[in-house]
Amino acid sequence: MVKNNRKKIWEEKVLEELKNKTNIDLETLTPEGIKIKPLYTDSDLKKLKHLNFFPGQEPYVRGPKASMYKGRPWTIRQYAGFSTAKESNIFYKKNLASGQKGLSVAFDLATHRGYDSDHDRVQGDVGKAGVAIDTVEDMKILFDGIPLDKISVSMTMNGAVLPILSSYIVAAEEQGVGIDQLSGTIQNDILKEFMVRNTFIYPPEPSMRIVSDIISFTSKKMPKFNSISISGYHMQEAGANLVQELAFTIADGLEYVRAAKNRGLNVDDFAPRISFFFAIGMNFFMEAAKLRAARYLWSSWMKKLFNCKKSQSKILRTHCQTSGASLQEQDPYNNIIRTTIEALAAVLGGTQSLHTNSFDEAIALPTEFSSKIARNTQLILQNEAGITDIIDPLAGSYYVENLTNELIEKSSELIEKIEGLGGMTKAIISGFPKSEIEKSAIKKQARIDSGEEIIVGVNKYQSKEKDEVDILDIDNFAVRKEQIDRLKKIKNKRDETLVKEALKKIENAAKTKSTNLLELFIEAMRLRATLGETSHALEKVFGRHEADQKIVKNIYKDHYSKKENLDKVINSLDEFYKIENKNPLIYMAKLGQDGHDRGIKVLASAFSDFGLEVKIGDLFQSPKEAVREALKHDAHIIGISSLAAGHKTLIPELIDELKKNNAEDVIVICGGVIPKKDYKFLYNCGVAAIFGPGTSIPEATETIINKTTNHLKRMHNYRISRIKQ
């Protein structure tokens, strides 16, 4: 009793000391709605339900395996792929020789969206943000000399998942590796595409049929292969807070299990091969706690909804990747430190495999130099930091265990809400998860722009010196030409009659649901049908999904605290109004096949709150389509968001299209991941302003309005005559 009294007195003394300090809040409220106390003691552990379990013991908070890293360290699985299959193959072999244990393939956006490299819509996308795959021949080159019976392969693919997985199976088959010997993971997580990533092809319901067919096929014929990797990563990258990332990811997983069960599959036959994929950001302790909470949530909800008998069906195994959104263009070498912190949080949280981002990814595609640093970060953590000497080192931490409990409780509440809406498919169709994530992203950006959330080198402690870093620049034209030439040769050699028959079988099966689609795709790929042809066969039946682009309003302005900066925007608007008698209209465009729309949605929301008229174009527009829509709305500005390295192809094409329409009074601005060395090229093409990562939105808005005002003063009579025409 005396000891407890002493502890209480000391705790009160610490809190009193903090009260006497100025500008210190005793409790901090996180974006997740969690109250963080300044001090935690053993008394905070008394009501927690998830304690007193061993690693490898249900509910698996302390890890899915009893021995964890003491028995085997996490797998270093670096996500990579660029240019051609041949170039990627060389890169993979170097990484495997340098200590990487598994492969993780990045595909280009043309491949993700089900287009062959020769399609008109993908001129700026081929080979840019991943490797181009059109046929089995590309897949064979990708894994040439890599024994697929010994190396596990993770493939990040969702939209064109059928042709990619079937090409991998056929490539292995022709390498002499049986389908039952293949190990690895196909992401196959289409629900999150409709929420955040947007590399979908077909609408939600038929897309779920594809997921179920793959789970059914692999559970019977590929015992070592994970049929789905349920991804929260892209949710956090799109702006979700950690409770949203947890809840929506687990709810996605439950929906996939439900869909497979409704197809007649026994849950215990396929659930052990389900895996997960989480982002790891800069909130160190909460990220570690998130992985602990995720394992508890999956175990408890699988037991609650599906009454699983096998323990393996309730174990959450996860890959993690350090955050891309936390990487900054300013002071890029700081990103090495950020990635190290995030990697440490992932392994202390108990991840099964990990990708560490390269420091230059906020600027361009990673180079071999930056990729080596990223990979070696993990090697040092595994071999020099003592982390693998102890099983679950954070167990019993007063703070971490409380965070774990808070994340479990708040995420469970949100999962209950999703289940109440009828499950994740219905929730996505209603737009609820997407809207919640967008609101969270807007609030976060407002906090950063206000300086409430500090990012070193961006909104505080800025450096006057600018670090120049070498970047990787892919020759998109050369890659596309090589792919097209190979496509022509393959089509000339194959049996066209057999290919057409195979494509017709796919189309009929899509209509009737009589045959497993993956079986038919394997047959078609053996005959050298292309990714685009097989995808189109399904598209003729399922259609191609189009996202509804909405603007979330009245969030940014309410959460931005530096009101004096908003006054500057208002003054700029007043100057513009004197010329046009209305506020400027900006048309926001996403060109090519890049579906990342966090930036454009946050900007559209903020611009709208400031008083600009804002129109958002459909995703995946061609430059011609964007210009046509912008002129239809009488836009003063076209704003282009670029994240996938297609800016040198697509933006000049858009400016040429404006010239063809005599619309040179419309100014073009762009932002996103654009290397500094490309700025001059874009300015010479006619771009009025470029805004890199970390730009303050109020400052950017003022610049945009002022540039538009000055341009209109020069072009005023020209604009009036054009509009009259």
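Caption draft 1: Spotlight on the layout of surface pockets. Size it by volume and the second largest pocket reaches roughly 720 Å³. Glu329, Gln330, Lys466, Lys676 and Pro693 are the residues nearest the centre of the second largest pocket, which is lined by 32 residues in total. A total of three residues in the lining of the second largest pocket trace back to one element, the largest contributor, which is helix α17 (residues 432-450). Taken together, the residues of the lining of the second largest pocket break down into ten nonpolar, eleven polar and eleven charged.

Caption draft 2: Summary view of the side chain of Thr708. For Thr708, the position within the fold is in helix α28 (residues 697-724). Residues within four places of Thr708 in sequence aside, it is in contact with Phe576, His636, Ile637 and Ile667.

Caption draft 3: Structural view of the packing of aromatic side chains. One pass over the full model with this rule turns up 18 aromatic pairs. Seen from their ring centres, Tyr679 and Tyr683 are 6.4 Å apart, and the 85° between their planes marks the pair as edge-to-face. Separated by four residues within a single helix, Tyr679 and Tyr683 lie in helix α27 (residues 679-685), roughly one turn from each other. The partly exposed category is assigned to Tyr683, whose relative accessible area is 39%. Just above the ring of Phe620 sits the side chain of Arg113; from NZ or CZ to the centre is 3.4 Å. Sitting over the ring of Trp301, Lys304 keeps its end group 4.3 Å from the ring centre.

Caption draft 4: Inspection of the pattern of salt bridges at higher detail. With the rule as written, the count across this model stands at 46 salt bridges. Among the ionic pairs, Lys676 bridges to Glu329, the shortest N-O distance being 3.5 Å. Here Lys676, found in the loop between β16 (667-672) and α27, pairs with Glu329, found in the loop between β11 (318-322) and α13 (334-349); they are 347 residues apart in sequence, far enough to count as distant. Given a relative accessible area of 10%, Glu329 falls into the buried group. Notably, a salt bridge pairs Arg544 with Glu539, separated by 3.3 Å at the nearest N-O pair. In this structure Arg544 comes out as partly exposed when scored by relative accessible area, which is 22%.

Criteria and thresholds
- Residues numbered from 1 in each chain as written.
- Predicted model: local features only at pLDDT ≥ 70, side-chain atom pairs only at ≥ 80, totals over all residues.
- Heavy atoms only, no water.
- 1 Å grid on protein atoms, 1.4 Å probe; cavity = no way out; pocket = protein on both sides within 12 Å on 5 of 7 lines; lining within 4 Å.
- Points joined across faces, edges and corners; volume = space filled by probe spheres on them.
- Helix = DSSP H or I, 4+ residues; strand = E, 2+ residues; numbered from the N terminus.
- Nonpolar A, V, L, I, M, F, W, Y, C, P; charged D, E, K, R; others polar.
- Contact = heavy atoms within 4.5 Å.
- Phe/Tyr/Trp six-rings, centres within 6.5 Å; stacked < 30°, edge-to-face > 60°.
- Buried < 20%, exposed > 50% of the residue type's maximum accessible area, 1.4 Å probe, protein only.
- Lys NZ or Arg CZ within 6 Å of the ring centre and 35° of its normal.
- Salt bridge = Lys/Arg side-chain N within 4 Å of Asp/Glu carboxyl O.

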